[in-house]
Amino acid sequence: MEANIVLTPLHYVYFIGVISILIIMALRKDTPMVCVVFLFALGIVGTGNLIGGIQTVFKSVLYAATQFMEIMATIALITAFSKCLAELGSDKLIMSPMAKIMKTPAITWWVVGISTLIFSLFLWPSPTVALIGTMILPFAIKAGLNPIAAAMAINLFGHGIALSYDFIIQGAPAISASSAGISTSEILSQGRPLFIVMGITTVLSAFIINRKKLKAQPEDLLNSDLNVKKEIKTTKASVALAIATPVAFLADIAFMLIFNLNGGDATSLVSGTAVVLMCFGAICRFKGNCLEKVTGYVTDGFLFAIKIFAPVIIIGAFFFMGGEGISSILPNQNQSGLLNDWALFLSNCAPFNKQAAALLQMVIGAITGLDGSGFSGLPLTGSLSQTFAAATGGSTPIFAALGQITAVFVGGGTIVPWGLIPVAAICRVNPLELARKNMLPVLIGFVCTFITACFLL
């Protein structure tokens, strides 16, 4: 950790922008215009001229678009495939066995959440969202589960619990451990009580707070095509696609485990499988008209993805300036990230006792997560855990686990709207509304986790 961090006008403009955007979000107003204003201001401060400010707006938006492209394509292709499933009636055939389990919205919420947790531990959340969205979610909606509640379950169990603990793939713990100078097993074993407390308190509070709103109302499904009400005649094509779909996705899971595929590789495998199945279904059902049908499915899928991502790209453009993105947008300026510098600055201002250091570690983890990447801040929180432990006599693994939990829960896809777009898109809900729904349960989890950490340090 650097001993001294010098904050520049660029840092202060960015900080004011972050606070302004968070306030606008709290007021339930749209933020893209505010992001553009501060991108323009950052460009002027960073380049020293008006033209540079204008160019920075475009460069940052272009950078954000490239960062989101993989997610956009995944959502578009999965959406295209889901339309094919629905039109053929194969989705109804696939989901019918789940009727014996999903009898009430409450039971369905836990089934969706636990299924997401299990898949995410082995596959990571990104490909899991695609699998859940294709295989389980439509039936969950038909069982009466509110789409926003389904999105919360997927978020909190997958991008929250599974991604933060990550004891199977061990991606997050490995990054934290290497930065903290300890072994991965130390974080997983000594930090286990924190991960358990965070997970249990978060999902239980989410369920209790929203238990009366789990059942979908007619207005909840007004703009959603997840709940297909019309009866579709069963054909040989629909049966063939209904059989091929689970077989293909189970094969994907086997390939991921055998060849150790995760992250982008796993997501591309699932997305590619969806495209192949979509073409297979179109050929079986529409034969000579399959070319036009596939074009229609793909067009609808990308139109949906672009509609969802349009405002998020603008918002993400601003927050990418807080991380490594600034080196591509303003190459002559801060290279380490404005958010990271603020985190280091705050750490140098902290009084060094165990409780204050633990609280600061959580705050720093949350700040680094504002760029929408739950992993980008882990090297920082890992190194800080070593420093805080040496200064206070506390436990390095506990400090590392605290930073990992807050960084992943905030940035990995439960709090910041630009980080939970895949789930919001799959569930056809507003990402800002989903972020607001997740906020209170996650904060309750943070408080309980902090209290637990105070006893373990």
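Thresholds, definitions, all that
- Residues numbered from 1 in each chain as written.
- Predicted model: local features only at pLDDT ≥ 70, side-chain atom pairs only at ≥ 80, totals over all residues.
- Heavy atoms only, no water.
- Helix = DSSP H or I, 4+ residues; strand = E, 2+ residues; numbered from the N terminus.
- Buried < 20%, exposed > 50% of the residue type's maximum accessible area, 1.4 Å probe, protein only.
- Expected span 1.5 Å × (residues − 1).
- Bend = angle between axes of the 7 residues up to and from the residue.
- Polar contact = N/O pair within 3.5 Å; in protein donor to acceptor, adjacent residues only side chain to side chain.
- Phe/Tyr/Trp six-rings, centres within 6.5 Å; stacked < 30°, edge-to-face > 60°.
- Disulfide = S-S within 2.5 Å.
- Contact = heavy atoms within 4.5 Å.
- Core = buried A, V, L, I, M, F, W, Y, C linked by side-chain atoms within 4.5 Å.
- Axes fitted to C-alpha atoms, helices over the stretch in contact; angles between N-to-C directions.
- Left-handed = near helix turned anticlockwise from the far one by under 90°.
- pLDDT = per-residue confidence, 0-100.
- Parallel < 35°, antiparallel > 145°, perpendicular 65-115°, else oblique.
- Patch = residues over 30% accessible without salt bridge, like charges linked within 9 Å, V, L, I, M, F, W, Y side chains within 5 Å.
- Areas by Shrake-Rupley, 256 points an atom, 1.4 Å probe, with all protein chains shown as cover.
- Salt bridge = Lys/Arg side-chain N within 4 Å of Asp/Glu carboxyl O.

Draft legend 1. Structural view of unusual backbone geometry. Although it is not a glycine, lysine 287 adopts a positive phi angle of roughly 45°. Of note, lysine 287 is situated in the loop between helix 13 (264–286) and helix 14 (290–320). Positive phi outside glycine occurs at arginine 428, with the angle close to 60°. In this structure, arginine 428 sits in the loop between helix 20 (421–427) and helix 21 (431–456). Classification of arginine 428 as buried rests on a relative accessible area of 17%.

Draft legend 2. Structural detail: helix 3 (residues 50–88). Across its 39 residues, helix 3 extends 55 Å between first and last C-alpha, which sits within 8% of the 57 Å expected from 1.5 Å per residue. Taking the largest bend as the criterion, helix 3 deviates by roughly 50°, centred on phenylalanine 68. You can read the cap of helix 3 off the contacts: a side-chain oxygen lies 3.3 Å from the backbone nitrogen of isoleucine 51, and it is on asparagine 49. Directly beyond the C-terminal end of helix 3, a positive phi value near 85° is found at glycine 89.

Draft legend 3. Here's a closer look at the packing of aromatic side chains. The full count for this structure, using the stated rule, is 11 aromatic pairs. Taking 4.7 Å as the distance between ring centres and 15° as the angle between the ring planes, the aromatic pair formed by tyrosine 165 and phenylalanine 195 counts as stacked. Within this pair, whereas tyrosine 165 is found in helix 8 (residues 147–165), its partner phenylalanine 195 is found in helix 11 (residues 192–210), the two being separated by 30 residues in sequence. By the burial criterion, tyrosine 165 is buried, and phenylalanine 195 matches it. Put simply, the rings of Trp109, Trp110, Phe157 and Phe207 pair up and form one aromatic cluster.

Draft legend 4. Fine view of the state of the cysteines. Taken as a whole and assessed by the stated rule, the structure comprises zero disulfides. In this model cysteine 284 remains outside any disulfide bridge; the closest cysteine sulfur is found in cysteine 84, 9.2 Å from its own. For cysteine 284, a relative accessible area of 26% gives the class partly exposed. The closest cysteine sulfur to the non-disulfide-bonded cysteine 290 is located on cysteine 279, 8.3 Å from its own sulfur.

Draft legend 5. Layout of the side chain of threonine 116. With respect to the element layout, threonine 116 can be found in helix 5 (residues 105–123). On the basis of relative accessibility, which here comes to 1%, the residue threonine 116 falls in the buried class. Contacts of threonine 116, omitting those with residues within four sequence positions, involve Thr128, Ile132, Ile154 and Gly158.

Draft legend 6. Representation of the nonpolar core within the structure. Within the largest apolar cluster, 141 residues are counted, with the highest numbers of intra-cluster contacts made by Tyr14, Trp109, Phe318 and Leu434. Among the elements that line this core, the one with the most residues is helix 14, at 15 residues. Not counting chain neighbours up to four residues away, the residues in contact with phenylalanine 318 comprise Tyr14, Gly17, Val18, Ile21, Cys35, Phe38, Leu39 and Leu42. Ranked by size, the runner-up nonpolar core spans six residues in total, among them Leu163, Ala172, Leu378 and Ala407.

Draft legend 7. Up close: the environment of leucine 62. Among the secondary structure elements, leucine 62 is positioned in helix 3. You can call leucine 62 partly exposed: its relative accessible area is 45%. Counting along the chain gives 252 residues from leucine 62 to isoleucine 314, while the straight-line C-alpha distance between them is 9.3 Å.

Draft legend 8. Looking closely at the packing of helix 17 (residues 354–368) against helix 21. Interaxial distance between helix 17 and helix 21 falls to 10 Å at its minimum, and their mutual angle equals 145°. As helix 17 packs across helix 21, the resulting crossing turns out to be right-handed. Packed against helix 17, whose contacting residues are Gln355, Ala358, Leu359 and Met362, the element helix 21 presents Phe446, Phe450 and Cys454 at the interface.

Draft legend 9. Highlighting the confidence of the model for the protein chain. Of the residues in the protein chain, 89% reach a pLDDT of 70 or more, and the chain-wide mean stands at 82. Taking the mean pLDDT of every element in the protein chain, the minimum, 72, falls on helix 16 (residues 338–348) and the maximum, 94, on helix 11.

Draft legend 10. Quick look at the packing of helix 8 against helix 21. In the contact formed by helix 8 and helix 21, the axes pass within 10 Å of each other and the chain directions differ by 55°. Classified by the angle their axes make, helix 8 and helix 21 are oblique. Considering only the axes of helix 8 and helix 21, their crossing is right-handed. Counted together, Ile148, Ala151, Met152, Asn155 and Leu156 of helix 8 and Glu433, Leu434, Lys437, Asn438, Pro441 and Val442 of helix 21 form the full contact between these two elements.

Draft legend 11. Representation of the side chain of histidine 11 within the structure. On the secondary structure map, histidine 11 appears in helix 1 (residues 9–26). Taking relative accessible area as the criterion, histidine 11 reaches 3% and is therefore assigned buried. At 2.9 Å, the side chain of histidine 11 forms a polar contact with the side chain of threonine 8.

Draft legend 12. Quick look at the environment of leucine 370. By secondary structure assignment, the location of leucine 370 is in the loop between helix 17 and helix 18 (378–392). For leucine 370, a relative accessible area of 14% corresponds to the buried category. Sequence separation of leucine 370 and glycine 411 is 41 residues, and the distance between their C-alpha atoms is 5.7 Å.

Draft legend 13. Spotlight on a nonpolar patch on the surface. There is a patch of nonpolar side chains on the surface, built from Phe15, Ile16, Ile19, Leu22, Ile23 and Leu27 and spanning about 530 Å² of accessible area. By the secondary structure assignment, leucine 22 is in helix 1.

Draft legend 14. Representation of the pattern of salt bridges in the model. Inspection of the entire model under this criterion finds two salt bridges. Among the salt bridges present, the one from glutamate 87 reaches lysine 293, with a minimum N-O distance of 2.7 Å. On the criterion of sequence distance, the pair formed by glutamate 87 in helix 3 and lysine 293 in helix 14 is long-range, its members being 206 residues apart. Taking the relative accessible area as the measure of exposure, glutamate 87 reaches 34% and is therefore partly exposed. For lysine 293, a relative accessible area of 26% puts it in the partly exposed group. Residue arginine 436 is joined to glutamate 433 by a salt bridge in which the shortest nitrogen-to-oxygen separation is 3.3 Å. Taken together, the positions of arginine 436 and glutamate 433, both in helix 21 and three residues apart, correspond to about one turn of that helix. Its relative accessible area of 25% is what places glutamate 433 among the partly exposed residues.

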